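Below are the chains, spelled out letter by letter.
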Amino acid sequence: MKNDTIHLMGVYTGTIMKSWFQYKVDAVLRSLAVFLREATGIIVIYFTLLKFDTLNGWDIYELLFLFSLLFLTYGVLIIFFTGLRDFGRTVRDGGFDRFILRPRGLLFQLIFSNADWFAAIGHGGLGIVLFVFSAGNVGITWNAGSVIYYITAVIGGVLIQGAIFLFLATLNIYLLETNSLKELFYWNMRKFAGYPISIFHKAIQFCMIYVVPFAFVNYFPAQYLLRKEDMAGYPSVYMYLTPAVGAVLYLVTYGFWRYSLRFYKSSGN
Amino acid sequence: MSFIEVNEVSKTFRVSKRSAGIPGMLANLVVPKYEKKRAVNNISFSIEQGEMVGFIGPNGAGKSTTIKMLSGILYPDTGSVRVNGYIPYRQRKEYVGSIGVVFGQKSQLQWDLPVIDSFELLKAIYRVPDEVYQKNLKRFMDMLDMSGFINHPVRQLSLGQRMRADIVAALLHSPQIVFFDEPTIGVDVVGKETIRNFICELNAKDKVTMLFTTHDMQDIEKTCKRLIIIDKGSKVYDGLLSGIRDAYGTTRQVDVEFAQDCTVLPIEHVEIKELDFPSGRKKRFLFESREVQIDSLMNSLLADYAIRDLTVSEPEIEGLIRKIYNGEVAQ
Amino acid sequence: MISLYPYFAFAKKSFLGRSAYRFDHFMGILNTILRIFIFWEIYRALYGGRAEVDGVTITMVATNFILSLGLDSVFCVNDYYLPNRIQDGSIATEMLLPVNFHGRMLADNLGNALFQLLFHFVPAVAISVIFIGIAAPADPLMLILFFLSALFGYGVLWTISFVAQMLSFWLINVWSIMTIKNVFINVLSGSMIPLWFMPDWMSGIIRFTPFSSIYFTPVQIYLGQLSLSEILQGFLIQLFWIVFLFSAGMFLWKKGQKKLVVQGG
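Residues numbered from 1 in each chain as written. Chains lettered and ligands numbered in written order. Predicted model: local features only at pLDDT ≥ 70, side-chain atom pairs only at ≥ 80, totals over all residues. Heavy atoms only, no water.

S.K.: Quick question: what am I supposed to make of the pattern of salt bridges here?
M.R.: Once the charged atoms of two side chains with opposite charge are near each other, the side chains can pair. For the structure on display, the rule yields 34 salt bridges over all chains. Notably, a salt bridge pairs D4 of chain A with R104 of chain A, separated by 3.1 Å at the nearest N-O pair. One end of the pair, D4 of chain A, is in helix α1 (residues 2-20); the other, R104 of chain A, is in the loop between α5 (95-100) and α6 (106-112), and 100 residues separate them in sequence. Judged by relative accessible area, D4 of chain A falls into the buried class, the value being 17%. Owing to a relative accessible area of 4%, R104 of chain A belongs among the buried residues under this scheme. A salt bridge links R226 of chain B to E51 of chain B; the shortest N-O distance between them is 3.0 Å. Highlighted residues: R226 of chain B in strand β8 (residues 226-231) and E51 of chain B in the loop between β2 (33-47) and β3 (52-56), separated in sequence by 175 residues. Since its relative accessible area comes to 22%, E51 of chain B is described here as partly exposed. Linked by salt bridges that have partners in common, K192, E193, R196, D216, D219 and K222 of chain B make up one network. (Salt bridge = Lys/Arg side-chain N within 4 Å of Asp/Glu carboxyl O. Helix = DSSP H or I, 4+ residues; strand = E, 2+ residues; numbered from the N terminus. Buried < 20%, exposed > 50% of the residue type's maximum accessible area, 1.4 Å probe, protein only.)

Here is the structure:
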């Protein structure tokens, strides 16, 4: 049965690739557009720091390193969770009805029939560029320990954001439209997450740590590696919690998803 | 226990209510109003294995909602559904492998890819063994004459071709039950005929159980023996197709062309109309089937008059069903 | 005499259509406020207690973000109005209607914009002003000129989209083009980084693009940074871009229409 699942993943991926190569020029342009769109925030912070030098003690390389974690995790995330991000549309056009009618896991189908490899290249590519550009200039000693830490932090960060997507997708079962909610809880929080959270109002910091825990995606892991002064404002154990937060959050949200499916209303007609 | 058991099932949706005009819009922005719409209201029926049942009703009658409950997409609010021993919405993964669903309005094919790629994907999803897949594919392709477009991208297909491909897509895993939701919508006359013949053959040879919604009565007349009609969420008729005539269409009509002008003496319970006035050569005889035996009427006409031509006609099912929808027929 | 009535009808329809997504609407307002707050907090940290940087006070920075992000919420442009109609083929029938297509496009956007002005801009700006504060307008005349200039700013933004939409006659999918277009607008219009802080070589480039006319010119007028002659110059530049971009768009439209006719719609 295990082999069979992997086989199906392969068939799904092949199907997606084939679809894209029907429009070659568009596929390339798309990756480029995603790359540029995501780079907007970076360009802005780069110009800003040309004028101001540091942001609460973080120089441009350290900020780019902080950003790189955000984009790397998103690059991985977009492979696995695009289907959840676009769940509202899938419900509206009847695609989810069709998933229900097929003898496979619903999440499995949502994930693997929607993996957005081109966006992943755009985001992940940006993450890698930023990482390469910054990692050598922020004084991290890369050894087995820090590499392992880094990898688990990325996995944890992917799970945290995956849980947010899954939560929002689940809300879609109850509400017709959740785009604004997604805008608020995901995209806006993500905009905050590009910067050291210590610069923000206490209420926003609280949100970033305890409500939509983006701080665990990049700020605390970056702090483990960079040890900036503003970490003094938070319990130091937070630097180690990312994988646990990711796992717990994802499991709890998954339970909510399973529970909510019975209320699914389908669309139209 | 029947193959498909639907027992006192209801389903209610909450729909938001819009008020008109700018004041209404402002009010709606602050306090939204909702109303409950009962899509399916206490419906029960059962279907035996191998049956082919037409499931019809006007738009918004609750057909799709019922199909969605039968196929496991929706949970019923109250009542129970059991198909082939499964409770569809609780035992989804085990159940759906044994059913096929065709939504005429929503294709399940990959829009940008050749038809065959979608089939290959479905083969993997349903874990169809190679030899079964090849056998089914070859057979269905022959029956539906698909070899001409199997390698074309779906977006280039005509509606009729796409529908045929969608039907095959729903059958590749040899389902025991197939739900068709408007499988001929937008298809031309020849295409419809191909689809109907295919469905009939599948039912006859493979004993596949089928439930069939459509707005085209010809679909039903050419495929189904049994008919379930629902309206406003409730079942209004469940029985043989021919039973519709017995129940609602009891009027018979005999048109007679006589060899020469003639006057016919009044017959009890029979209304006589002139069709070729002022000549008396063509007449129509209308009567209720329970009051007048058709053979005795004909015998007496043949005995007394020289007749050139004679047609007996029953009322059109389509007309009768329209009457049922419109509430013109007492139930 | 062209009757404006049908255009009002289209504008009203899009205005009323907005009420359908109540929850979305409130979230949208919150979204704008949050964006303003993020930039406010970042600049507070960047200023680190300094009264001013390069002659720009933190209040001016706050004013820049409140006004330009506020206007951003009002400046509704549906980038896919034409592309969607070309993709699904409905453009052919729509061109047969006895209503000017561009007029309809604009009316549709304006209906939305009016709704946003009343129910999005006003509450979002009010709340931001309460929590952050804003510089008072230089004088009442400047406030009036600010709104006038903002109207032209919308014209510039709209005509940029107008030109970009015309490309859909030749491209199957314009999503990438639109996205890249919006990247330019975001970076160069001053809504994410006040143009005062751009390096000189960037300012030199931006001067020759339409982007600073969208939000930054109105903001400068509001703050009283421009003399009357500079204001006049600002208006002329805005008008120039509107006329230039609209003409370019119309040129492409004519070409595109021909292409559509040749293909048989």
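S.K.: What's the story with the interface of chain A and chain B in this structure? I'm lost.
M.R.: Interfaces are often sized by the accessible area lost when the parts come together. In this assembly, 32 residues from chain A lie in contact with 31 residues from chain B. Between chain A and chain B the total buried area reaches about 2,900 Å² when both faces are included, carbon and sulfur atoms providing 56% of it. Taken as a group, R98, L101 and P103 of chain A account for 23% of the area that chain A buries against chain B, more than any other trio of residues on that side. Applying the counting rule to chain A against chain B returns 3 salt bridges. The partner of K68 of chain B in a salt bridge is D97 of chain A, with the nearest N and O atoms 3.7 Å apart. Inspection of the chain A/chain B interface yields 11 residue pairs in polar contact (both at pLDDT 80 or more). Contributions of two or more residues to the side of chain A that touches chain B are made by α1, α5 and α6 of chain A. For the side of chain A that touches chain B, the element with the most residues is α1 of chain A, which contributes 8 residues. (Contact = heavy atoms within 4.5 Å. Buried area = accessible area lost by both parts, 1.4 Å probe. Polar contact = N/O pair within 3.5 Å; in protein donor to acceptor, adjacent residues only side chain to side chain.)

S.K.: How do you make sense of the sheet that holds β3 of chain B when you look at a structure like this?
M.R.: In a beta sheet, neighbouring strands pair by backbone hydrogen bonds and run either parallel or antiparallel. Residue and element names in this part refer to chain B. If you trace the 6 strands from one edge of the open sheet to the other, you get β5-β6-β7-β3-β8-β9, paired in mixed fashion. The open sheet has two edge strands with one neighbour each: β5 (99-103) and β9 (234-240). Adjacent strand axes in the sheet meet at a mean angle of 15 degrees when their direction is disregarded. Most of the contacts of helix α11 (residues 317-325) go to β8, to which it runs at about 30 degrees, and overall it touches β3, β8 and β9. (Pairing = 2+ DSSP bridges. Axes fitted to C-alpha atoms, helices over the stretch in contact; angles between N-to-C directions.)

S.K.: Looking at this structure, how should I read the interface of chain A and chain C?
M.R.: Taken residue by residue, the interface counts 34 residues in chain A and 35 residues in chain C. Across the chain A/chain C interface, buried area totals approximately 3,300 Å², and carbon plus sulfur atoms make up 76% of it. Counting every contact that joins chain A to chain C gives 1 salt bridge. The shortest N-O distance in the salt bridge between K51 of chain A and D54 of chain C comes to 2.6 Å. There are 3 residue pairs in polar contact (both at pLDDT 80 or more) connecting chain A and chain C. Going through the elements one at a time, α2 (24-52) and α9 (179-193) of chain A are the ones with two or more residues in the side of chain A that touches chain C. With 17 residues, the single largest contributor to the side of chain A that touches chain C is α2 of chain A. A class-by-class count of the residues in the side of chain A that touches chain C yields 20 nonpolar, 7 polar and 7 charged. (Nonpolar A, V, L, I, M, F, W, Y, C, P; charged D, E, K, R; others polar.)

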